[in-house]
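# Residue-level structural notes
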Amino acid sequence: MGRLLVINGPNLNLLGTREKDIYGKKSLDEINREVAGEAKKLGFEADFVQSNHEGAIIDYIHSARGRYDVLIINPGAYTHYSIAIRDAIKAVEIPTIEVHLSNIHAREEFRSKSVIAPVCVGQICGFGSDGYVLAVRAAAMFLAAGRGK
Ligand code: DQA
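Residues numbered from 1 in each chain as written. Predicted model: local features only at pLDDT ≥ 70, side-chain atom pairs only at ≥ 80, totals over all residues. Heavy atoms only, no water.

## Re the site of the ligand
What counts here: A single heavy atom is enough: if one lies within 4 Å of a molecule or strand, its residue is considered near that molecule or strand. Polar contacts, as used here, are pairs of N or O atoms within 3.5 Å; protein pairs need one atom able to donate a hydrogen and one able to accept it. Residues neighboring in sequence count only if both atoms are side-chain atoms. All accessible areas in this document rest on Shrake-Rupley with a 1.4 Å probe, and a residue is counted as covered only by the protein chains that are shown. Following the grouping adopted for this structure description, the nonpolar residues are Ala, Val, Leu, Ile, Met, Phe, Trp, Tyr, Cys and Pro, the charged ones are Asp, Glu, Lys and Arg, and the polar ones are all others, Gly among them.
Taken together, the residues surrounding the ligand are Arg18, Tyr23, Asn74, Gly76, Ala77, His80, His100, Leu101, Ser102, Ile104 and Arg111. The contact in question runs from an oxygen atom of the ligand to an N or O atom on the side chain of Arg18, over 3.0 Å. Contacts to the ligand include Asn74, whose side-chain N or O atom sits 2.8 Å from an oxygen atom. Coverage of the ligand by the protein chains reaches 99% of its 330 Å² of free accessible surface. In terms of residue class, the shell around the ligand is made up of four nonpolar, five polar and two charged.

Laid out in structure tokens, this is it:
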């Protein structure tokens, strides 16, 4: 199917211990294992990275150029204000799917704005860790429809 890079941003390394009522009990490693399983089933080669640093996330996005067909990104709080991450996604021209565990539109006002969404194929939010699995399926459908070219 293609190559897929899953990027998680700040504080998502704390999943499973952080605000469990909002973000669930699974650790990022557990979630990534499930996502890897789905990716494999759909014929993707998948890699996973996480960083708490904006510049490191931008470097991951840059180095994805020519190496990955789709990006899945949960930029954490950077979602709401990182024009630099937005510009990086736009620059590399790799179809990108934005994921959030929580429904960012049903929380504090400042979370409902994503500066990343306009440069993405689409956004999946509110389904907890299943959102990443849904994003892998969406990526497969997107590529199968020939929209990745
Ligand atoms: C989040 C939502 C963001 O507002 C928050 O800053 C996060 C997690 C989510 O997955 O629901 O760190 O991206």
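## Overview of the side chain of Ser129
What counts is decided by this rule: What counts as a helix is a DSSP run of H or I of at least four residues, what counts as a strand is a run of E of at least two, and both are numbered from the N terminus. Exposure classes here rest on a 1.4 Å probe applied to the protein chains alone. A residue is buried below 20% of its type maximum, exposed above 50%, and partly exposed in between. Any two residues whose heavy atoms approach within 4.5 Å are treated as being in contact.
Locating Ser129 in the fold gives a position in the loop between β5 (122-125) and α5 (130-144). With a relative accessible area of 12%, Ser129 lands in the buried category. A polar side-chain atom of Ser129 sits 3.4 Å from a polar atom in the side chain of Lys26. The contacts of Ser129, once residues within four sequence positions are left out, are Lys26, Ile31 and Leu101.

## Looking at the pattern of salt bridges
The condition is simple: Salt bridge, as used here, is a side-chain nitrogen of Lys or Arg placed within 4 Å of a carboxyl oxygen of Asp or Glu.
Evaluation of the coordinates by the stated rule reveals eight salt bridges. Among the salt bridges present, the one from Arg18 reaches Glu19, with a minimum N-O distance of 3.9 Å. In this structure, Arg137 and Glu38 form a salt bridge, with 2.8 Å as the shortest nitrogen-oxygen distance. One end of the pair, Arg137, is in helix α5; the other, Glu38, is in helix α2 (residues 28-41), with 99 residues separating them in the sequence. What makes Glu38 buried here is its relative accessible area of 9%. When salt bridges that share partners are traced, they join Glu38, Lys41 and Arg137 into one network.

## So, the nonpolar core
Our working rule: As used in this record, nonpolar core signifies buried Ala, Val, Leu, Ile, Met, Phe, Trp, Tyr and Cys residues forming a set joined through side-chain atoms within 4.5 Å.
Counting 24 residues, the largest nonpolar core has Leu4, Phe44, Ile72 and Tyr132 as the members making the most contacts within it. Looking at this core, the elements with two or more residues in it are β1 (2-8), α2, β3 (70-74), β4 (96-100) and α5. Ranked by the residues each element gives to this core, the list is headed by α5, at eight residues. Beyond its immediate sequence surroundings of up to four residues, Tyr132 is in contact with Val6, Asn8, Ile31, Val35, Ile72, Asn74, Val99 and Leu101. Residues Ile58, Ile85, Ile94 and Ile116 belong to the second largest nonpolar core, which totals 20 residues.

## Section: the sheet that holds strand β2 (residues 44-50)
In plain terms, the rule: Think of it this way: DSSP has to see at least two bridges between two strands before they count as a pair. Between N-to-C directions, angles span 0 to 180 degrees; the directions come from axes that are lines fitted to C-alpha atoms, helices contributing only their stretch in contact.
One open sheet accounts for five strands, arranged β2-β1-β3-β4-β5; its pairing is parallel. Two strands bound the open sheet, and with one partner strand each, they are β2 and β5. Within this sheet the neighbouring strands show an average axis-to-axis angle of 20 degrees, counted without direction. Along the sheet, helix α3 (residues 54-64) contacts β1, β2 and β3; its crossing angle with β1, the most-contacted strand, is approximately 175 degrees.

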